[in-house]
Amino acid sequence: MERFKKAYAAFEDYFTGGLLFTGLTLVFVNVLLRYIWGRPQSLLDEFSVYFVVWGTLCGIAVALRNDHHIKVDMVFRLLPLGIRYRVSILAHLIGVGFALFYTFYGYQLVHTYIISGQRSTDSQFPLWIVNLVMPVSGVMFTVRFIEKLLFHFKNGGKDWLAAQSRRPD
């Protein structure tokens with residue numbers, strides 16, 4: 001199981017990093033084309049946005065895995081440890097609910113685009129592929145929220161409590 005976790009974490013890192021790198025490289029190339037040769041390409045603009053959005057949305061799962069996501073915990077840290085434990089469980093349950101909601105409606109959006117056959121204006125690229133990021137990233141969020149939730153119950157919550165006591169305030 002530990003080997004699978006490492007492989008999945010590596011997939012997340014390389015997948016999101018590769019998408020962001022590709023998108024930003026396309027932006028850079030188009031800037032060069034625009035200001036050096038005076039010939040910007042609208043396709044590069046379009047696809048750079050797609051890659052950056054994909055990398056960002058899928059990268060949220062990486063931020064969640066590493067606890068680098070945005071959170072307001074000033075009040076949370078003032079709570080007694082037992083209440084923090086319960087609040088954290090509730091927050092992760094809400095996260096799982098959100099991720100499932102996001103995944104389900106993302107899938108419905110993709111299905112609608114497949115049925116309608118709608119394509120982008122410039123490149124005529126199928127929009128269902130562009131919007132596939134919603135269910136894909138939603139599954140990635142769900143995996144990470146469930147992982148966080150399971151950590152709360154590991155060893156009867158002792159591992160979570162130990163991790164909290166090691167956190168700098």
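These numbers come from a predicted model, not from an experiment.

About the cut-offs
- Residues numbered from 1 in each chain as written.
- Predicted model: local features only at pLDDT ≥ 70, side-chain atom pairs only at ≥ 80, totals over all residues.
- Heavy atoms only, no water.
- Helix = DSSP H or I, 4+ residues; strand = E, 2+ residues; numbered from the N terminus.
- Rg over C-alpha atoms; globule rule 2.2 N^0.38 Å.
- Buried < 20%, exposed > 50% of the residue type's maximum accessible area, 1.4 Å probe, protein only.
- Contact = heavy atoms within 4.5 Å.
- Areas by Shrake-Rupley, 256 points an atom, 1.4 Å probe, with all protein chains shown as cover.
- Lys, Arg positive; Asp, Glu negative; His and termini not counted.
- Charge placed at Lys NZ, Arg CZ, Asp CG, Glu CD.
- Expected span 1.5 Å × (residues − 1).
- 1 Å grid on protein atoms, 1.4 Å probe; cavity = no way out; pocket = protein on both sides within 12 Å on 5 of 7 lines; lining within 4 Å.
- Points joined across faces, edges and corners; volume = space filled by probe spheres on them.
- Salt bridge = Lys/Arg side-chain N within 4 Å of Asp/Glu carboxyl O.
- Patch = residues over 30% accessible without salt bridge, like charges linked within 9 Å, V, L, I, M, F, W, Y side chains within 5 Å.
- Bend = angle between axes of the 7 residues up to and from the residue.
- pLDDT = per-residue confidence, 0-100.

1. A word on the overall build of the chain
- Helix and strand content of the chain: seven helices and zero strands.
- The order of α-helices and β-strands along the chain, N terminus first, is α-α-α-α-α-α-α.
- Here the C-alpha atoms of the chain give a radius of gyration of 20 Å, more than 25% beyond the 15 Å that 2.2 N^0.38 yields for 169 residues.
- Its C-alpha atoms give the chain principal-axis dimensions of roughly 60 × 40 × 35 Å.
- In the chain, which comprises 169 residues, the share counted as buried stands at 33%.
- Counting only contacts in the chain whose residues sit at least 6 apart along the sequence, the fraction spanning at least 24 positions is 75%.
- Put simply, the chain shows about 11000 Å² of open surface, and 70% of that area lies on carbon and sulfur atoms.
- Computing the positive centroid from 17 side-chain charges and the negative centroid from 11, the chain places the two 6 Å apart.

2. Description of helix H6 (residues 133-153)
- Between its first and last C-alpha atoms H6 spans 31 Å; for 21 residues at 1.5 Å apiece the expected length is 30 Å, and the two agree.
- The complete set of buried residues in H6 reads Val133, Pro135, Ser137, Gly138, Met140, Phe141, Thr142, Arg144, Phe145, Lys148, Leu149 and His152.
- Backbone geometry just downstream of H6 places Asn155 in the positive-phi region, at approximately 55°.

3. Re the layout of surface pockets
- The calculated volume of the largest pocket comes to roughly 1100 Å³.
- Around the largest pocket, the lining comprises 35 residues; the ones closest to its centre are Leu64, Asp67, His92, Arg144 and Lys148.
- Counting only elements with at least two residues in the lining of the largest pocket, the list comes to helix H1 (2-35), helix H2 (42-65), helix H4 (81-116), H6 and helix H7 (158-166).
- At 10 residues, the largest contribution of residues to the lining of the largest pocket is made by H6.

4. Regarding the pattern of salt bridges
- Summed over all chains, the structure comprises six salt bridges.
- In this structure, the salt-bridge partner of Arg65 is Asp13, at a minimum N-O distance of 2.7 Å. Placement of the pair is Arg65 in helix H2 and Asp13 in helix H1, with a sequence separation of 52 residues.
- Residue Arg65 is classed as buried on the basis of its relative accessible area of 18%.
- Salt-bridge contacts for Arg144 lead to Glu147; the nearest nitrogen and oxygen are separated by 2.6 Å. A residue pair is termed a helical-turn pair when its members lie 3 or 4 positions apart in one helix, as Arg144 and Glu147 do in helix H6 at three residues.
- By relative accessible area, Glu147 is classed as partly exposed at 27%.
- Overlapping salt bridges, with partners in common, bring together Glu12, Asp13, Arg65, Arg144 and Glu147 in one network.

5. Considerations on a nonpolar patch on the surface
- On the surface, Leu20, Leu24, Val27, Val31, Tyr35, Ile36 and Trp37 cluster together to form a nonpolar patch covering roughly 730 Å² of accessible area.
- Mapped onto the elements of the fold, Val27 is located in helix H1.

6. Some remarks on H2
- Spanning 24 residues, H2 covers 35 Å between terminal C-alpha atoms, matching the ideal 34 Å at 1.5 Å per step.
- Gly59 marks where H2 bends most, by close to 30°.
- Against the buried residues of H2 lie H1, helix H5 (127-131) and H6.
- In the stretch just after H2, Asp67 is the one whose phi turns positive, near 55°.

7. Quick notes on the confidence of the model for the chain
- Looking at the chain as a whole, its pLDDT mean stands at 91, while 98% of the residues score no less than 70.
- Mean pLDDT values for the elements of the chain range from 76 in H7 up to 96 in H5.

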